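Structure at a glance
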Amino acid sequence: MKLLASVVANGVALWVASAIVSGIEFGGRGLSQLLTILGVALVFGLVNAVVRPLVQLLSLPLIVLTLGLFLIIVNALMLLLTSWLSGVLGLSFTVDDLFWSAILGSIIISIVSLFVGMLLPDGRERA
């Protein structure tokens with residue numbers, strides 16, 4: 001259930017980012033686009049679970065030096081990697097460039113994921 005909630009949160013965040021930033025686009029229409037969004041959300045979740053911790057560890061000096069602002073660049077790079085992997089897997093998802101599209105998209109995805117994550121159940125019981 002937690003995995004499904006995470007994929008849904010990522011999917012909503014990616015969809016909102018594509019609606020706001022003109023350089024982030026999903027292909028397809030209707031059900032095809034919905035399946036593409038879910039597939040890309042799964043790829044994005046895997047990239048964030050596997051690659052992101054390694055990149056953060058290797059870039060720790062830059063993260064400390066910039067007081068955490070370099071994490072925006074790391075998130076943008078994860079979005080670009082997701083775009084590339086989606087193309088390899090046959091999913092129609094594109095991010096145009098690093099500077100505006102990926103950075104603005106990563107900021108929007110972070111904010112939307114935070115809010116959607118608060119709304120979705122996380123499997124813990126509340127007393």
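The coordinates are above.
To keep things clear, this report deals only with the structure shown in the data block. All values reported here derive from a predicted model rather than from experimental measurement.

Turning our attention to the overall build of the protein. From N to C terminus, the protein includes five helices and two strands. Each helix (α) and strand (β) of the protein, taken in turn from the N terminus, gives the series α-β-α-α-α-β-α. Its C-alpha atoms give the protein a radius of gyration of 15 Å, near enough to 14 Å, the size a compact globule of 127 residues would have. Taken across its 127 residues, the protein has 35% of its residues classed as buried. In the protein, of all internal contacts separated by at least 6 residues, the share reaching a separation of at least 24 is 69%. Charge separation in the protein, taken as the distance between the mean sites of 5 positive and 5 negative side-chain charges, equals 10 Å.

On to the packing of aromatic side chains. Applying the stated rule across the entire model yields two aromatic pairs. Summarising the aromatic geometry, the rings of Phe 26 and Phe 93 are spaced 4.8 Å apart at their centres and angled 35° between planes, so their arrangement reads as tilted. Placement of the pair is Phe 26 in strand 1 (residues 24–26) and Phe 93 in strand 2 (residues 93–95), with a sequence separation of 67 residues. Each member of the pair Phe 26 and Phe 93 is classed as buried. Taking the centre distance of 4.6 Å and the plane angle of 80° together, the rings of Phe 99 and Trp 100 count as edge-to-face. Here Phe 99 falls in the exposed class, since its relative accessible area comes to 53%.

Turning our attention to unusual backbone geometry. The phi dihedral of Leu 67 falls on the positive side, at around 55°, and the residue is not glycine. Tracing the sequence through the fold places Leu 67 in the loop between helix 3 (60–65) and helix 4 (70–88).

Helix-helix packing is characterised by the crossing angle of the two axes and by the distance between the axes. Interaxial distance between helix 4 and helix 5 (residues 98–119) falls to 8 Å at its minimum, and their mutual angle equals 100°. Comparing the axis directions of helix 4 and helix 5 gives the class roughly perpendicular. Within the contact between the two elements, helix 4 uses Ile 72, Ile 73, Asn 75, Ala 76, Leu 77, Leu 79 and Leu 80 and helix 5 uses Leu 98, Ala 102, Ile 103, Gly 105, Ser 106, Ile 107, Ile 109 and Ser 110.

Here we take up the nonpolar core. Counting residues in hydrophobic clusters, the biggest one holds 23 residues, and the most contacted among them are Leu 14, Ile 24, Leu 79, Phe 93 and Ile 109. Looking at this core, the elements that each hand over two or more residues are helix 1 (2–20), strand 1, helix 2 (31–58), helix 4, strand 2 and helix 5. Filtering out sequence-adjacent residues up to four positions away, Ile 24 remains in contact with Ala 17, Ser 18, Leu 79, Phe 93, Thr 94, Val 95, Ser 101 and Gly 105.

Together, Phe 99, Trp 100, Leu 104, Ile 107, Ile 111, Leu 114, Phe 115 and Met 118 make up an exposed nonpolar region whose accessible area comes to about 850 Å². Counting through the fold element by element, Met 118 comes out in helix 5. In this structure Met 118 comes out as exposed when scored by relative accessible area, which is 54%.

This brings us to helix 4. Its 19 residues place the ends of helix 4 27 Å apart at the C-alpha level, agreeing with the 27 Å of an ideal helix rising 1.5 Å per residue. Regarding helix 4, the residues found buried are Val 74, Asn 75, Ala 76, Met 78, Leu 79, Thr 82, Ser 83 and Ser 86. On its buried face, helix 4 is in contact with helix 1, strand 1, helix 2, strand 2 and helix 5. Gly 90 sits one or two residues past helix 4 and shows a positive phi near 85°.

The rules behind each value
- Residues numbered from 1 in each chain as written.
- Predicted model: local features only at pLDDT ≥ 70, side-chain atom pairs only at ≥ 80, totals over all residues.
- Heavy atoms only, no water.
- Helix = DSSP H or I, 4+ residues; strand = E, 2+ residues; numbered from the N terminus.
- Rg over C-alpha atoms; globule rule 2.2 N^0.38 Å.
- Buried < 20%, exposed > 50% of the residue type's maximum accessible area, 1.4 Å probe, protein only.
- Contact = heavy atoms within 4.5 Å.
- Lys, Arg positive; Asp, Glu negative; His and termini not counted.
- Charge placed at Lys NZ, Arg CZ, Asp CG, Glu CD.
- Phe/Tyr/Trp six-rings, centres within 6.5 Å; stacked < 30°, edge-to-face > 60°.
- Axes fitted to C-alpha atoms, helices over the stretch in contact; angles between N-to-C directions.
- Parallel < 35°, antiparallel > 145°, perpendicular 65-115°, else oblique.
- Core = buried A, V, L, I, M, F, W, Y, C linked by side-chain atoms within 4.5 Å.
- Patch = residues over 30% accessible without salt bridge, like charges linked within 9 Å, V, L, I, M, F, W, Y side chains within 5 Å.
- Areas by Shrake-Rupley, 256 points an atom, 1.4 Å probe, with all protein chains shown as cover.
- Salt bridge = Lys/Arg side-chain N within 4 Å of Asp/Glu carboxyl O.
- Expected span 1.5 Å × (residues − 1).

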